[in-house]
Every structure is written in C-alpha cells, then in structure tokens.
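The lines below spell out each chain.
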Amino acid sequence: MLFFAKAASFIDGCSETCRVVLACPPLAGSVSLRGARSSSMLLCIRRKRFCSSPLITMAQQANEQLLVVVGGGASGVYASIRAKFIAPHLNVLVIEKGKPLAKVKISGGGRCNVTNGHFFDSMGLADNYPRGHRELRGSFFNIHGPKDTIGWFSDHGVELKMEEDGRVFPVSNSSASIVDSLLNEAKSRGVVLQIGKTVSDVSLIDGEQFLLKVEKRTMNFVEYIKADYVLMAMGSSQQGYKIAAQLGHSIIDPVPSLFTFKIEDTQLPNLSGVTFPRVKAKLKLKSIQKNLPEYTQVGPMLVTHWGLSGPVILRLSAWGARELFLSNYTGILLVDFVPDIHLEDVKYILCQHKDQLAKTKACNSFPTKFNLVKRFWRYLLEREGLDADLLWASISNNHLNSIALLLKQCTFGIRGKGQFKDEFVTAGGVPLSEVSLNTMESKIRPNLFFAGEILNVDGITGGFNFQNAWSGGYIAGTRIGELASRQPLACELPNICGAKISKLLLGDLS
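As annotated in an unreviewed UniProt entry, the protein chain carries the name FAD-dependent oxidoreductase 2 FAD binding domain-containing protein and is attributed to Ensete ventricosum.

Structure below.
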C-alpha cells in the first residue's frame, strides 16, 4: 500500500495507474497529510507496468499478500517470476531505480554471458567463487545450477550456445534475447515493475510486516509500501547495504573485484592490442605470505594502453581483490609466456635457432614454437638491452639465458587498477553466514530475503556471477512462493464508507 503526501495532485496526474484508497489509522513515522484528519491517512495501490487487469479491487488487496523485490536486476526479476509461478495469487512488485536488467543488457560486450557450461557439479562450480567457494558447495547449485538455467531460457524461447571456454551465450549474440525473455515472462505472470524509484528505508510493522519508504527521482514525493515479504536484490548498492544494516545485518566492507592491472612499464603501451592465447600469471603481494594456488591463473591475456587485461588478469583480480585493496593496488605480476615448455627446453630452442639463423637479424626471426608476435619479440630484445639489428650470431649465451627467463618469468610492476566496465563486480556485502542458502531467507529477520551481489559472493569472469544471480533468485522466489501459498486467502475487508472513499478520490479530506 502506498502513501503520498500530495495525494490529490498525484491522483490527477497519474491516470495510467490503478488505485484503491483506504482510510486507516496513521502509521508511526508517516508523513502527515495537509488538511487530513489526524485519525486517517491516504494509501494507494498503484500498478504501472505488467498489470494483468485494469483495476485492482479492494477485495483483491485485502485477500492477497505482497512481495516487494528491491532491485530489477537478474536475481530480482528471476525471483519475481519464480515466486509468481509458485504462488499465482501473490502480488509481486519489483522496484528499480534505473532501467530493468541494465547489467544483463551490457554484459559480455552486449552478448550476455548467461552461465558457464563447463561446471555442472556443485563442488567444481563453487571453486570459481573467491567469496563463497566454501559455502556454495552445499545445496545452492544443486537446487538450481547451470543446467537448470540453460533449460529455463531454452524453454522460454532463447536458443543458447557454449563456446570453447565454457561461456554460454544466446545464439543471437544479443543480450536483448535474454532481457526480452525475462521481461515477457514477468509480464505474462502479472509481475508489476516500477522504475525510476528508490527504496530509501525499510522498517518493521508490529514485528511482522515491512514498511518500505520509496522515493521517486523525477518527482518530489515519498510513498510508503506495506509488504509481507521483501527480497533485497539491489546489487552492490550502498543503499542496499544501509537497509540491510538497519534490519540487523552486518556488512563486510565492499571492495572492487574483476578489474585490469595498470603496469609500470613505459615500453608496454607499444604492445597495446597484442593478445596471448595462453599464459600462466602469478600475483605476488606483500600481504600474501602463503603460496596459495588461487593466486596463479592460466588463460588468455591482453595488453592494453594502460597495462594488462584478459581473463587471466581478471581472475587474479577477483581472487586477490581484498589483498590488492589493502596493498593499494601495488604488487608484482610474474608471467610465463610459454607455460607448456620447460625452461631448459626454452634455452635449447633458442640455441638451436641461433645456430640455424646465425646471419639473420634477431628482430626479424624467432622460434615459431613460442607462438609469439613480432612486436612482443622486439619488446623482449629491448628489455634485455639488445640492438634490434643485432645478428643472431652476435647474441651471447648469457643473453639467450636471460631471454629464456623473460619468457618463463617476466616481471611486471602493478601500480594501480583499471576497470572492467562490462562486468564490474564487488567483493563484500551481507555475510553468507547470516542467510540460509537453501531458502535465501535472513537468519535475523523472517520473510526478509537476499539474492545476488548484495551478498558477499562474487565469481570470476566467465558467466559465474550471473549463475549466482539465477540460483539465488530462483531459491528465494521458490521459498517466498511456498510461504505465500500457505497463507489463507480470505480475510475481513476494512469497514470503509463509500462516501468517504469518494471524498478521498476527489481530494476532499476535510
């Protein structure tokens, strides 16, 4: 139920919405109505989009419960659809301050990396989550995992494909396929979506129901919504953390995850655009004393004009997110450019090449077994202090050994972080220990649920963060739907005089 300080003007200006006006005792902390009696307040029920009927009757509102989903991202919309599927009579309202599914739309360069198809068992899948890899090994992905996600979208008309690295995309190569399927299903189920609004506060009524304070960005008004269930799916929003804390939850300080490395090397920008299909990279920080396997990753790497990027770098940034933050994003990166060739074999290959092409300029020829590009080979020569026009015959064995070491253990100084704008992720949020992962319900507040990035869960790049959103949203929606289905549908209607309703609709509050 919605409360407006300027009710009459709002009703006149919102003909596209559906309304029911009720008179009831004032709620604690509510905004008083100008000219209204002290014993009553104005509450409205509004539905802007996804209405299945043009009018919501007072009987429907009295008989049906309300779920408010705070956040119209992947987990929020997915949960709303699931809740409506389980409990069709449940009123479901999704509130989003921006555009719904905005992150879904831009992810994967506009293609949307839906999930990952290389990890179907929960144990292996959980290992791709720097925060959550222990907790998610239980029932979480067994309830709704990548196979279930792929099946859901396939059943809803989205044909998917899996690429060599396991990433799953729509065959259309357009995130619009994913966005449209979710919004169309939400609409058909009768989910109500309100955009351009922010939930700024959530409090409890009689220890049971929730009172949500909602503000609209484009208009100077505040509304209050009374809900039976609340799902927090606001992503890494400071407002979301604030509300969670107000409701009794602790917050692990959020820090960035999934970002590129700025590298201290004046020659490296000359290699901008060069890609390496497979390297082994190791992160070394002063704050990391142990030689943990997570801080060594294998995969593709890309040179940018500011430093290094690509899947291998993004994975390292995820696993070392908190330690890198504490180190002020400074450290050492060790890169093995030929991870499948042993050091002694690298030396032998270089010596062989020298013997075979002794009279060739070093800059014009290098062993093909290394699978390098010419620009990078020149970079290695310059880094070793060798003249590019030097003949292979003039390169000493000591220099060859040094080049071999550069190929196997090239050192780069990290001096900051860049951004990975398409899939920016945050480490931190509500601790998983405060949420039941088999229901996504708060262990502190009954009927309060969490899903998505507001929790202290984040995955490496490759579709894992979206899978967390689908799984958490599905589980939360299922539990809320089950709880709503247990509640009786019949209850007494408020005793409201029809004449008084007419006066309220006309703005006559005297």
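J.: Could you give an account of the sheet that holds strand β8 (residues 167-170), with specific residues and numbers?
T.: Ordered by their spatial adjacency, three strands build an open sheet running β6-β8-β7, and the pairing between neighbours is antiparallel. The sheet is open, and its two edges are formed by β6 (115-116) and β7 (160-162), each paired on a single side. The sheet contact formed by β7 and β8 spans three bridges and is antiparallel. In the strand pairing of β8, M162 is matched with V168.

J.: Explain the layout of surface pockets to me, and be specific about the residues and the numbers.
T.: Taken as a whole, the largest pocket spans an internal volume of roughly 780 Å³. Lining the largest pocket we find 38 residues, and of these G73, K103, A233, M234 and G235 sit closest to its centre. The residue makeup of the lining of the largest pocket, split by class, is 14 nonpolar, 16 polar and eight charged.

J.: Residues and numbers for the packing of helix α3 (residues 74-86) against helix α8 (residues 176-189), please.
T.: Relative to each other, α3 and α8 sit at 35 degrees, their axes nearing to 10 Å. With respect to the hand of their crossing, α3 and α8 are arranged in left-handed fashion. For the pair α3 and α8, the contacting residues are V77, Y78, I81, K84 and F85 in the first and L182, E185, A186 and R189 in the second. The class makeup of the residues in the contact of α3 with α8 is six nonpolar, no polar and three charged.

J.: Please set out helix α9 (residues 238-246) residue by residue, giving values where relevant.
T.: All of the buried residues in α9 are G240, Y241, I243 and A244. The buried residues of α9 occupy an angular sector of 165 degrees when the element is viewed end-on, so they sit on one face. By the N-cap criterion, in which a side-chain oxygen at the helix start approaches the backbone nitrogen of a residue two or three places on, α9 is capped by S237, the distance to Q239 being 3.1 Å. Looking one or two residues beyond α9, the residue adopting positive phi is G248, at roughly 105 degrees.

J.: Got a sec to walk through unusual backbone geometry? Specific residues and values, please.
T.: Generally, phi is negative for residues other than glycine and the peptide bonds are trans, each holding for most cases. Its identity as a non-glycine residue notwithstanding, C112 has a phi of 70 degrees, on the positive side. Unusually for a residue other than glycine, N173 sits at a positive phi of about 60 degrees. On the accessibility criterion, N173 (33% relative accessible area) is partly exposed.

J.: A description of the confidence of the model for the protein chain should follow, citing residues and the corresponding values.
T.: Averaged over every residue, the pLDDT of the protein chain is 84; residues scoring 70 or more account for 83%. Throughout residues 1-61 the model reports pLDDT below 50, and contacts reaching past four residues in sequence, or to other chains, amount to 137 contacts. For residues 490-510, every residue scores under 50 in pLDDT, and the model assigns this stretch 29 contacts once sequence neighbours within four places are set aside.

J.: Please provide a residue-by-residue account of helix α14 (residues 397-408), values included.
T.: Relative to the 16 Å expected for twelve residues at 1.5 Å per residue, α14 spans 17 Å between its end C-alpha atoms, a close match to the ideal helical length. Among all positions in α14, only L400, I403, A404, L406, L407 and K408 are buried. Residues of α14 that are buried sit in contact with β19 (331-336), α12 (343-356), α13 (374-383) and β20 (410-417).

J.: Pulling in residues and values, what's your account of the packing of α12 against α14?
T.: Contact geometry for α12 and α14: axes closest at 9 Å, N-to-C directions at 135 degrees. Here α12 lies oblique to α14, going by the angle between them. Both α12 and α14 take part in a crossing whose hand is right-handed. In this structure, α12 uses L343, V346, K347, L350, C351 and K354 to contact α14, whose residues at the interface are N397, L400, N401, I403, A404, L405, L407 and K408. Residues that form the contact of α12 with α14 fall into these classes: nine nonpolar, two polar and three charged.

The rules behind these values
- Residues numbered from 1 in each chain as written.
- Predicted model: local features only at pLDDT ≥ 70, side-chain atom pairs only at ≥ 80, totals over all residues.
- Heavy atoms only, no water.
- Pairing = 2+ DSSP bridges.
- Helix = DSSP H or I, 4+ residues; strand = E, 2+ residues; numbered from the N terminus.
- 1 Å grid on protein atoms, 1.4 Å probe; cavity = no way out; pocket = protein on both sides within 12 Å on 5 of 7 lines; lining within 4 Å.
- Points joined across faces, edges and corners; volume = space filled by probe spheres on them.
- Nonpolar A, V, L, I, M, F, W, Y, C, P; charged D, E, K, R; others polar.
- Axes fitted to C-alpha atoms, helices over the stretch in contact; angles between N-to-C directions.
- Left-handed = near helix turned anticlockwise from the far one by under 90°.
- Contact = heavy atoms within 4.5 Å.
- Buried < 20%, exposed > 50% of the residue type's maximum accessible area, 1.4 Å probe, protein only.
- Arc of directions from axis to C-beta.
- Polar contact = N/O pair within 3.5 Å; in protein donor to acceptor, adjacent residues only side chain to side chain.
- pLDDT = per-residue confidence, 0-100.
- Expected span 1.5 Å × (residues − 1).
- Parallel < 35°, antiparallel > 145°, perpendicular 65-115°, else oblique.

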